[in-house]
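# Fold and contact review
The primary structure of each chain is shown beneath.
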Amino acid sequence: MQIDILGMGSRHGLTSFEQYAIVGVLVVAFISLIYAWLLRGTVLKKDKGSKKMQEVWDAIRVGANSYLSRQLKTILPAVGILFVALFLSVYVVKPSAEAIEEFPNNTLLAISLGRAVAFVFGAVFSLIVGQLGMRMAIQASVRSASAAKRSFNEALSIAYYAGTITGMLTDGLGLLGGTIIFIIFGKAAPDALLGFGFGGTLIALFMRVGGGIYTKAADVGADLVGKVEKDIPEDDPRNAAVIADLVGDNVGDCAGMAADIFESYETTIVSALILGLSLYSRDGSLTWIVYPLIIRGVGVISSILGTFTVPIWEKFPIKFMRSHDAEGSMFRSYEVSSVFTIAMSFIVATQYAHNWRLAALTTIGVALAVAFNPLTSAFTSTKSEAVKEVVNSTKTGPATTILSGLSLGMESTVFALIAIVIAFLGALFIYGGKDPLGTLSSENLIYVLYGVALVGIGMLSHTGNNVAMDSFGPISDNANGIGEMAWHDLEDDETKKARQIMADLDAVGNTTKAITKGVAIASAVIAAVSLFSSFITDIGKVQANLNMPVLTGINVADTRVFIGLLLGGALPWLFSSLSIRAVTRAAGRIVEEVRRQFRIPGIMEGTVKPDYAEVVGISTSSAQKELIPLATIAILMPLFIGISLNVEALGGFLAGVILSGQLLAVFMANAGGAWDNAKKMVEDEPRNIAANTGKGSERHKAAVVGDTVGDPLKDTAGPALNPMIKVVNLISLLAAPVIVSYQGATVVRIVVAAALLAAIIWAFSMSKKPAKIG
């Protein structure tokens, strides 16, 4: 008997099993949110430590909340303007056949309102993930520091479970939003999902760039004056920038990365559903659309199972499977999630879709995500030979330290790209026909691109694990900082042991952050390649409706395309340059303020408390000021290229952004991570100035310089490229049909292109203005 749940059978044509499956996915989304709530209770029950620890924690909490409140005021006007733009964009072009089928009456109103409202929900969900995740991280850091005096496992569990809360929010809200949109819009869901994905992407760009500038300006300022000039320890309470540094870990790494991975999660499902719809139009099977949603639900259950097992590995009954360090425990838990996802994907693919290829592609995606664990660890972990080489280079000064880190980062990005290429080859061999390396037919090509999208679905099926591993980094870093500030005058054995536990967790956090950044940028590349096909398909539909020659591909021999390719390849470098310059300017202001405060009698002696709020205020205002020009360039540049040089050039532009952005982002993330852990390894050595070892030695100063250079690379410029790539792709996908529709309106195009160019020049000039110091 055919059922009809919420009209999914009568309106969308889903079978009974498919309707139950979609409802099941919806239930899983709520389970994810409930799991997050339960973990929240577990974390909040833990002890917050001494009064001094709570004073430091409260200063961090107030500073972070103040920053996010100010950032929200910066973001809201942009959200309002783009809501109107997205609502009106649908009226310019003829609606798709699927939209007409789903909404035969008032098609334009339904789709335009759906896209605009979905954009707002995507932005709101991204904000919720970022803000709640950050607040939970702040709550956990002081509790993890307190737990370090009791046991390693308890400190690890608190930090990891707090990160898991953010991961489950990402999973739950992402799955909830995408599934509800599919239930309402059915085969027209991609039209609305574009808005949902763009909302998440825009917020991620704002939070990632703004938070990155904040955190690294404070970090660089604190390190240069405190460690290098004054030879005092990291997170010393006499340093006026130390609270701003700890606040920055939360607003940059927690809030920014959570929003970043949320939009990656959404963008991959958008690309899979758009390409699945193209396959549905060929064979009439909704399997292509429903399967990715089911796997997303499976991935949430996998993440819950995996994250739950992290604390058990220290005392696991089977000896050879035990792990006595945080990194090993997290990797084993990731493998638990991977095995479950792969097994379930084969069951779903063979029993429901009757197509083993879907499971094989999902497995490739899971394997790619798993591969990034040892691949990134090999270049950033304190156990790796590569990082030990950087440590060794500190013997000959800052120059060789920087050179060894640069070469390490360059090598690592090549191997990351090779891993992505192997995944693409997997999709090519599975769906490429008899001669996958020969000329692909148009039919095989769409299947291959769908396969690439499924690789992205598999890769981010463990988003809960990924976000937990990423948030673990700043939580353990903050816990270490709180401990350093609160225990700086304690030298008992219990405190020494707690310090070492927090230092070890902090070092592992650097590696896990680098891993998740690699996963995030790889998923951005995969989603971008999938969306690239949607870009060409959407343009072709509009051109056919206007009786224009239909675009079937991008020809690099076309001069316009090659110009677009060159400009696209240049954009990540410009964006990174401006990001690092923004950190430099903001850090310069902080350095001057910290130096000024050190000249105040009593600060160095510890009898006068520094004015932490002043530095927090400088970081906050600088980050917001620098944020607007960067976001403006990312949003307007693809529009200018498309309007001035046509959509063919825009296609080349997207290809250039994808390749250049991936190589540059991984290089910066891994080089910075290696420098950071090399510094920690030097700091862990016994302090002996005569032997040039430990804190205060010349080797330590060289390592600090390397770490200071790497900070804006790994935590500002590199991570910001991920949302930038997806903003550029989604803007292009949304704007391309409109650009084609006005291709013959030369005067309108010239006027609009001139206005866009003027805005880009304004943004660039604003980003180049010299800092006002003093």
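Criteria and thresholds
Residues numbered from 1 in each chain as written. Predicted model: local features only at pLDDT ≥ 70, side-chain atom pairs only at ≥ 80, totals over all residues. Heavy atoms only, no water. Helix = DSSP H or I, 4+ residues; strand = E, 2+ residues; numbered from the N terminus. Rg over C-alpha atoms; globule rule 2.2 N^0.38 Å. Buried < 20%, exposed > 50% of the residue type's maximum accessible area, 1.4 Å probe, protein only. Contact = heavy atoms within 4.5 Å. Lys, Arg positive; Asp, Glu negative; His and termini not counted. Charge placed at Lys NZ, Arg CZ, Asp CG, Glu CD. Patch = residues over 30% accessible without salt bridge, like charges linked within 9 Å, V, L, I, M, F, W, Y side chains within 5 Å. Areas by Shrake-Rupley, 256 points an atom, 1.4 Å probe, with all protein chains shown as cover. Salt bridge = Lys/Arg side-chain N within 4 Å of Asp/Glu carboxyl O. Phe/Tyr/Trp six-rings, centres within 6.5 Å; stacked < 30°, edge-to-face > 60°. Axes fitted to C-alpha atoms, helices over the stretch in contact; angles between N-to-C directions. Parallel < 35°, antiparallel > 145°, perpendicular 65-115°, else oblique. Left-handed = near helix turned anticlockwise from the far one by under 90°. Nonpolar A, V, L, I, M, F, W, Y, C, P; charged D, E, K, R; others polar. pLDDT = per-residue confidence, 0-100. Expected span 1.5 Å × (residues − 1). Bend = angle between axes of the 7 residues up to and from the residue. Arc of directions from axis to C-beta.

## With respect to the overall build of the protein chain
Scanning the protein chain from terminus to terminus reveals 19 helices and 0 strands. Relative to the compact-globule value of 28 Å for 774 residues, the protein chain shows a C-alpha radius of gyration of 25 Å, a close match. The buried share among the 774 residues of the protein chain stands at 64%. Long-range contacts, defined here as pairs at least 24 residues apart, represent 83% of the contacts in the protein chain between residues at least 6 apart. For the protein chain, the separation between the mean place of its 60 positive charges and that of its 61 negative charges on side chains is 3 Å.

## With respect to a nonpolar patch on the surface
Together, V84, L88, Y91, L109, L113, V117 and F121 give the surface a local cluster of nonpolar side chains, amounting to about 600 Å² of exposed area. Looking at the nonpolar patch, the element that brings in the most residues is helix α4 (residues 107–147), giving 4 residues. The residue Y91 is located in the loop between α2 (51–89) and α3 (97–102) in this model.

## Section: the side chain of D245
Along the chain, the position of D245 falls in helix α7 (residues 242–283). In this structure, D245 is buried with no salt-bridge partner, the nearest side chain bearing the opposite charge being K216 at 5.4 Å. Beyond its immediate sequence surroundings of up to four residues, D245 is in contact with T215, A218, D219, A222 and D235.

## Structural notes on the packing of aromatic side chains
Per the stated rule, a full pass over the model turns up 9 aromatic pairs. With a centroid separation of 5.6 Å and 70° between ring planes, the pair formed by W288 and Y447 is classed as edge-to-face. Of this pair, W288 sits in helix α8 (residues 287–308) while Y447 is found in helix α13 (residues 442–459), placing the two residues 159 residues apart along the sequence. Each member of the pair, W288 together with Y447, is buried. Ring geometry for Y431 against Y447: centres 5.4 Å apart, planes inclined by 35°, an arrangement best described as tilted.

## Looking at unusual backbone geometry
The phi angle at H354 is positive, at roughly 55°, despite the residue not being glycine. Within the secondary structure layout, H354 lies in the loop between α9 (326–353) and α10 (356–380). Judged by its relative accessible area of 64%, H354 falls in the exposed class.

## Re the environment of V455
Looking at the element boundaries, V455 is found in helix α13. Here the alpha-carbon distance between V455 and S377, two residues 78 residues apart in the chain, equals 22 Å.

## A word on the packing of α2 against α7
The geometry of α2 relative to α7 is characterised by a closest axis approach of 9 Å and an angle of 55° between their N-to-C directions. Taken together, the axes of α2 and α7 are oblique relative to one another. Both α2 and α7 take part in a crossing whose hand is right-handed. Between α2, through V56, A59, I60, G63, A64, Y67 and L68, and α7, the contact on the second element is made entirely by I243, L246, V247, N250, V251 and A255. Grouping the constituent residues of the contact of α2 with α7 by class yields 11 nonpolar, 2 polar and no charged.

## Some remarks on the packing of α2 against α4
Across the interface, α2 lies against α4 with an axial gap of 11 Å and an inter-helix angle of 170°. On the basis of the axis angle, α2 is roughly antiparallel to α4.

## A look at the pattern of salt bridges
What the rule picks out here adds up to 24 salt bridges. In this structure, R585 engages E626 in a salt bridge whose closest nitrogen and oxygen atoms are separated by 2.5 Å. Pair noted here: R585 is in helix α16 (residues 559–598) and E626 is in helix α17 (residues 612–683), with a separation of 41 residues, a long-range link. The residues R585 and E626 share a single accessibility class, namely buried. Note that K701 and E698 form a salt bridge whose closest N and O atoms lie 4.0 Å from each other. You can see K701 and its partner E698 sitting in helix α18 (residues 698–741), 3 residues apart, about one turn around the helix. A relative accessible area of 27% places K701 in the partly exposed class.

## Digging into the confidence of the model for the protein chain
With 95% of its residues at a pLDDT of 70 or more, the protein chain has an overall mean of 84. Confidence, read as mean pLDDT per element, is least for α3 in the protein chain (75) and greatest for helix α12 (residues 398–431) (92).

## As for the environment of L654
Structurally, L654 can be placed in helix α17. Along the primary structure L654 and I183 are separated by 471 residues, whereas in three dimensions their C-alpha atoms are 31 Å apart. Setting aside residues no more than four positions away along its own chain, L654 makes contact with F532, F535, V728, N729 and S732.

## A closer look at helix α6 (residues 189–229)
With 41 residues, α6 should cover 60 Å at 1.5 Å per step; its first-to-last C-alpha distance of 57 Å lies within 8% of that length. The sharpest bend along α6 measures roughly 25° and falls at D223. Extensive coverage of α6 is indicated by the burial of 38 of its 41 residues. At the C-terminal side of α6, D231 shows a positive phi close to 55°.

## As for the side chain of D191
Positionally, D191 belongs in helix α6. Apart from residues lying up to four places away in sequence, D191 is in contact with S96, A99, I111 and R115.

## Let's talk about helix α11 (residues 385–393)
For α11, every residue scored as buried is listed here: A386, V387, V390, V391 and S393. Across the axial projection of α11, the buried residues extend over an arc of 160°, all falling on one side. When the buried face of α11 is taken as reference, the exposed residues oriented beyond 90 degrees from it are E385 and E389. Contacts made by the buried residues of α11 are with α10, α12, α17 and α18.

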